[in-house]
Amino acid sequence: MEDYLNHLNESQRLAVECTEGPVMIIAGAGSGKTRVLTYRIAHLMNKGIDPFNILALTFTNKAAREMKNRISLLAGDEARNLWMGTFHSVFARILRVEGHRLGFPSNFSIYDTDDSKSLIKTILREQNLDEKVYKPSMVLNRISSAKNNLMSWVEYRDNVELINDDRLSGKPHLSAIFELYTKRCFKAGAMDFDDLLYHTYMLLKNFPDELNKYQHKFKYILVDEFQDTNYVQYMIVRKIAAMSENICVVGDDAQSIYAFRGANIQNILSFEKDYPDLSVFKLEQNYRSTKNIVNAANSVILNNRNQLRKEVWTDNDHGAKIKVLRALSDNEEGSIVANSIFQEKMNHQLHNKDFAILYRTNAQSRSMEEALRRMNIPYRIYGGLSFYSRKEIKDLLAYFRLTINPNDEEALKRVINYPARGIGQTSVDKLVVAADQNGKSIWEILENIHTVTTGIATNTQDKIADFVSMIKSFQVMMKSHNAYDLASYIANTTGILRDLYNDKTPEGLGHYENIQELLNGIKEFTTSSNYESGTNLPEDESLSQSNNELPDYPVTQLPKTLDLYMQDIALLTDAENKDDGDNNKVSLMTIHSAKGLEFKEVFVVGLEENLFPSQMSMLSRADLEEERRLFYVAMTRAEKMLTLTYAVSRYRWGNLVGCEPSRFLEEVHPDFIEFANISKRSESETSWGSFQDDDFSQSRLNNQRKKNFEQKKPAVPKNFTPLHRSQKLSSATVANDFIADDPSQIVVGMEVEHQKFGTGKVIHLEGNFPDNKATVYFPAEGNKQLLLKYAKLKIVK
DNA sequence: GGAGGCCTCGGAAGG
DNA sequence: CGAGGCCTCC
């Protein structure tokens, strides 16, 4: 044990050894964060803590899997008993056992985003509301952020500000949709992703015995990527940790790149307030990158106002300066990158796998791919459609879901007429109406289709009856058959397999193969005892539903039935990386998916204004700062060499458009970067003569940058053009052309302008972002309490 | 119920 | 430009 602690530097070791009480570890990029986390857990186990009592929460399944493997190497096989998984998988597991307290069945379905949107569409149709006004994705966002801030539909309905706000933006029925959505999920025995967190919190809040049970169970709690947690996640963790206070969070505010979907950096600040006796450790030594790269990345992030004080440094060599390459077009950018990779491989004996090309948007991969193909450089693209979100897979899984939970309305709608069996939309609509009128679920109507009055034609009724008996036969089989036998039986009986087999187009062939692949996976689950679980969670007998009775046989010998399989994979949404055996390839991915990875040489491409930073980020300062953190993440992926490229013109949606170099290029301190003017007009490309003027000359760029740094002020946004699209719902809200300021900038005493109430003065502030409320005095209206998140306030003075 | 024409819109992404 | 949704027509 002493031995392995020697693998750590001083601050890492301190962070590992401080096992008791609240701990916050601020870990800079490349500072060995994962190492500290794994060693800390291994250290706890070696000190004799039962792994069943350790809860480690991550954001991705991949992170959980990798960490568990690494801990096994340090602490042995016992590691498989750790409660290590994503927030969602851990709490889904708990809700399977305890959900009945809230009225949910243990076999509840989990709605993915598509299911949620589809349910919202159904509700809109039933309520005669316009999908254009109530865009399902926007409605879902709204419901989601309410639940993530622990707000039920009742509280939403009774919140004057919110209702007012919805009315002003022409969407007065949002709270009604929220209500119907909630009730509909409950009736279907289903939870969406946000419900898994929301209901867990409510379980702990409203049932003291449950809270007590889990406080005693999870004596040690660790949270990875803490900067990415949202409010409800933080509140759950806080509740469970309230007894032992052995809570350790690890994060880096500089790498928070998911605020746009609800992550809340403010949690880091709240943490310091909530735990006054907190031990804070900062990991500031970077082991990954050269001095030039570390310093350059630091100089960029300095332009952000919202950040914790921390100084990342490194002992490594200075290395080469960061190179900026200018291209004339996206295609030339591709060949420049491909050529550089070729050269670097030659000059430094590197392999394809040592290189990564990172971009802001997926659409940029095309020109890179073409160039790499021309040079015969093998590559792999990460990201894209996940295996489990393919249509054919979701169709088959919907049959499984329906078998397990026949009330699952979204699964039912998906497959009641697939493959086609003559039960059209009109019949389904009639079924929904009948279900509503009789206060029953759709499934209950289906079961009694011949006796309930629905207005459905008799021969359609017969088809429905056939469908019902088919599903019922699956349900009977589930008790006695293993997952694989039943799954392949379902694939055959329903006609899915036949339907796909008959499609001989290349895509159709792919669909058929995907089904086969899914079935193979189920076979593996059924037959193998050491199947790599999707959930990463232990088989923990202490969570048995009946507390007093022991199960008839050990948990490990339970027959592997279909419902167990579905529990295991329900939350697997990450894209499967098909392993074709050859891993020596150049990696292509978005910057977001590169988080946590490292490469010897990295190319960040498309450094153009309005692309990176994205033009969508120009709305508010918060968005721009997040974009800058994204740039920081991209830069710090590189170990030895970093190259930035931009094109002066680029095809966008079929049109050739002119581009300016990104402001981010000007924000890198001049000492760590060099502008290599290598761009030449190539013969094969002829159509951008107009972009060759001196506007983009390197010398001008260099002078501008020098000037900026001499004046010791960050680069000022140039050509700051607000978007013409007027609708965006985020922490800084824009609606009806009224552009709000960043709520976090608002302080007491400020004069602000409200869309409706006019100009007023902030007289009181309370609560934490994003729930901070301001009391504002408006001369015409008197005092108004506003939720800054939703109130559209412009700072006047 | 499926094929084909027309319209709209375009961001990164985990569970 | 191209994917996806919707409408129309058979």
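All of the points below concern the structure found in this document. Predicted, not measured: the structure shown is a model, and the values here were computed from it.

### Quick notes on the protein's contact with DNA strand B
Step number 1: Taken together, 30 residues surround DNA strand B, and among them Asn-61, His-88, Arg-360, Asn-417 and Thr-590 come closest.
Step number 2: Among the atoms of DNA strand B lying within 4 Å of the protein, the sugar-phosphate backbone contributes 40%.
Step number 3: In the model, a sugar or linking oxygen of DNA strand B is placed 3.3 Å from a nitrogen or oxygen of the Arg-261 side chain.
Step number 4: In the model, a base nitrogen of DNA strand B is placed 3.2 Å from a nitrogen or oxygen of the Trp-653 side chain.
Step number 5: Mapped by element, the contributors of at least two residues to the surface near DNA strand B are α11 (193–206) and α27 (591–594).

### Section: the protein's contact with DNA strand C
Step number 1: Near DNA strand C, the surroundings consist of Glu-131, Trp-653 and Gly-654.
Step number 2: In the interface set of DNA strand C, defined as its atoms within 4 Å of the protein, sugar plus phosphate atoms amount to 25%.

### Structural notes on the pattern of salt bridges
Step number 1: Considering all chains together, one arrives at 41 salt bridges under this definition.
Step number 2: In this structure, the salt-bridge partner of Arg-80 is Asp-77, at a minimum N-O distance of 3.5 Å.
Step number 3: Given the relative accessible area of 57%, Asp-77 is considered exposed.
Step number 4: Note that Lys-310 and Asp-253 form a salt bridge whose closest N and O atoms lie 3.8 Å from each other. Highlighted residues: Lys-310 in the loop between α15 (291–301) and β10 (313–314) and Asp-253 in the loop between β7 (247–251) and α14 (266–274), separated in sequence by 57 residues.
Step number 5: Given the relative accessible area of 4%, Asp-253 is considered buried.

### Considering the sheet that holds strand β2 (residues 54–58)
Step number 1: If you walk across this open sheet you meet the six strands as β3-β2-β6-β7-β1-β8, and the pairing is parallel. Each edge of the open sheet is held by one strand with a lone partner, namely β3 (83–86) and β8 (279–283). Neighbouring strand axes in the sheet, compared pairwise and without regard to direction, differ in orientation by 15 degrees on average.
Step number 2: Across four bridges, β2 lies against β3 in parallel orientation. Of the residues in β3, the one forming a bridge with Thr-58 is Thr-86.
Step number 3: Set on the sheet, helix α5 (residues 87–98) makes contact with β2, β3 and β6 (220–223); between it and β3 the angle comes to about 115 degrees.
Step number 4: Each of β2, β6 and β7 touches helix α13 (residues 231–241); the most contacted strand, β6, lies at about 160 degrees to it.

Conventions and cut-offs
Residues numbered from 1 in each chain as written. Chains lettered and ligands numbered in written order. Predicted model: local features only at pLDDT ≥ 70, side-chain atom pairs only at ≥ 80, totals over all residues. Heavy atoms only, no water. Near = heavy atom within 4 Å. Polar contact = N/O pair within 3.5 Å; in protein donor to acceptor, adjacent residues only side chain to side chain. Helix = DSSP H or I, 4+ residues; strand = E, 2+ residues; numbered from the N terminus. Salt bridge = Lys/Arg side-chain N within 4 Å of Asp/Glu carboxyl O. Buried < 20%, exposed > 50% of the residue type's maximum accessible area, 1.4 Å probe, protein only. Pairing = 2+ DSSP bridges. Axes fitted to C-alpha atoms, helices over the stretch in contact; angles between N-to-C directions. Contact = heavy atoms within 4.5 Å.

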